[in-house]
Amino acid sequence: MDYPYKETGNRILNTRLSRGFTREKLAEKADISVQFLADIEKGKKSMTITTLRNISSALLVTTDYIVNGKEDTSLEIENEILEIFRIIPPDKRSNALELLKIFAKAVC
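Owing to the predicted nature of the structure, the values given are computational and were not obtained by experimental measurement.

Draft legend 1. The arrangement of the overall build of the protein in detail. Helix and strand counts for the protein come out as seven helices and zero strands. Radius of gyration (C-alpha) of the protein: 16 Å, far over the 13 Å computed for a compact globule of 108 residues. Along the three orthogonal principal directions, the C-alpha set of the protein runs to about 50 × 25 × 20 Å. The buried share of the protein, reckoned over its 108 residues, is 28%. A fraction of 44% describes how many contacts in the protein between residues 6 or more apart in sequence connect residues 24 or more apart. Of the side-chain charges in the protein, 17 are positive and 16 negative, and the distance between the mean point of each set is 2 Å.

Draft legend 2. Broad picture of the packing of aromatic side chains. Applying the stated criterion to the full structure yields one aromatic pair. Seen from their ring centres, Y3 and Y5 are 4.9 Å apart, and the 65° between their planes marks the pair as edge-to-face. With a relative accessible area of 37%, Y5 lands in the partly exposed category.

Draft legend 3. A nonpolar patch on the surface, seen in detail. On the surface, I77, I81, L97, L100, F103 and V107 cluster together into a nonpolar patch covering about 530 Å² of accessible area. At the level of secondary structure, the elements contributing two or more residues to the nonpolar patch comprise α6 (73–87) and α7 (93–107). Broken down by element, the residue count for the nonpolar patch peaks at four residues, all from α7. With respect to the secondary-structure elements, L97 resides in helix α7.

Draft legend 4. Spatial organisation of unusual backbone geometry. Even without glycine at this site, D31 takes up a positive phi of about 60°. Assignment of secondary structure puts D31 in the loop between α2 (23–30) and α3 (34–41). Take D31: its relative accessible area is 67%, and that puts it in the exposed class. The residue L60 is not glycine, and still its phi comes out positive at about 60°. A residue is classified by how much of its surface remains accessible, and L60, at 13% relative accessible area, is buried.

Draft legend 5. Here's a closer look at the pattern of salt bridges. All told, the structure shown has five salt bridges when counted by the stated rule. The closest approach of N and O atoms between E41 and R16, which form a salt bridge, is 2.6 Å. Here E41 is found in helix α3, whereas its partner R16 is found in helix α1 (residues 5–18), with 25 residues between them in sequence. Between E41 and R23 there is a salt bridge; the shortest N-O distance is 2.7 Å. Taken together, the residues E41 in helix α3 and R23 in helix α2 connect sequence positions 18 residues apart. One continuous salt-bridge network, built from bridges that share partners, spans R16, R23 and E41.

Criteria and thresholds
Residues numbered from 1 in each chain as written. Predicted model: local features only at pLDDT ≥ 70, side-chain atom pairs only at ≥ 80, totals over all residues. Heavy atoms only, no water. Helix = DSSP H or I, 4+ residues; strand = E, 2+ residues; numbered from the N terminus. Rg over C-alpha atoms; globule rule 2.2 N^0.38 Å. Buried < 20%, exposed > 50% of the residue type's maximum accessible area, 1.4 Å probe, protein only. Contact = heavy atoms within 4.5 Å. Lys, Arg positive; Asp, Glu negative; His and termini not counted. Charge placed at Lys NZ, Arg CZ, Asp CG, Glu CD. Phe/Tyr/Trp six-rings, centres within 6.5 Å; stacked < 30°, edge-to-face > 60°. Patch = residues over 30% accessible without salt bridge, like charges linked within 9 Å, V, L, I, M, F, W, Y side chains within 5 Å. Areas by Shrake-Rupley, 256 points an atom, 1.4 Å probe, with all protein chains shown as cover. Salt bridge = Lys/Arg side-chain N within 4 Å of Asp/Glu carboxyl O.

Take a look at the structure:
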């Protein structure tokens, strides 16, 4: 049985669009060419594990989701929190962490 490259490409394409990324932005984040990304999204080319990891990291999804379509929403939420912390200036991150801890205690 041949691997369904088209399905994998569609998951990458749909996730990229839902995240509001241009093909250029995702290619840059994944350290690949725009044309190579286009070929992956169209199911014309396969990718290395490194490229798969780079794409999944940039899109904040698991590699399992890209390959098999299985979602792990807890990991997605963790990645989203990390992404939020990355945009906070380093000198303000400890304050943000304290607020997150207070929030966690309030909702638990």
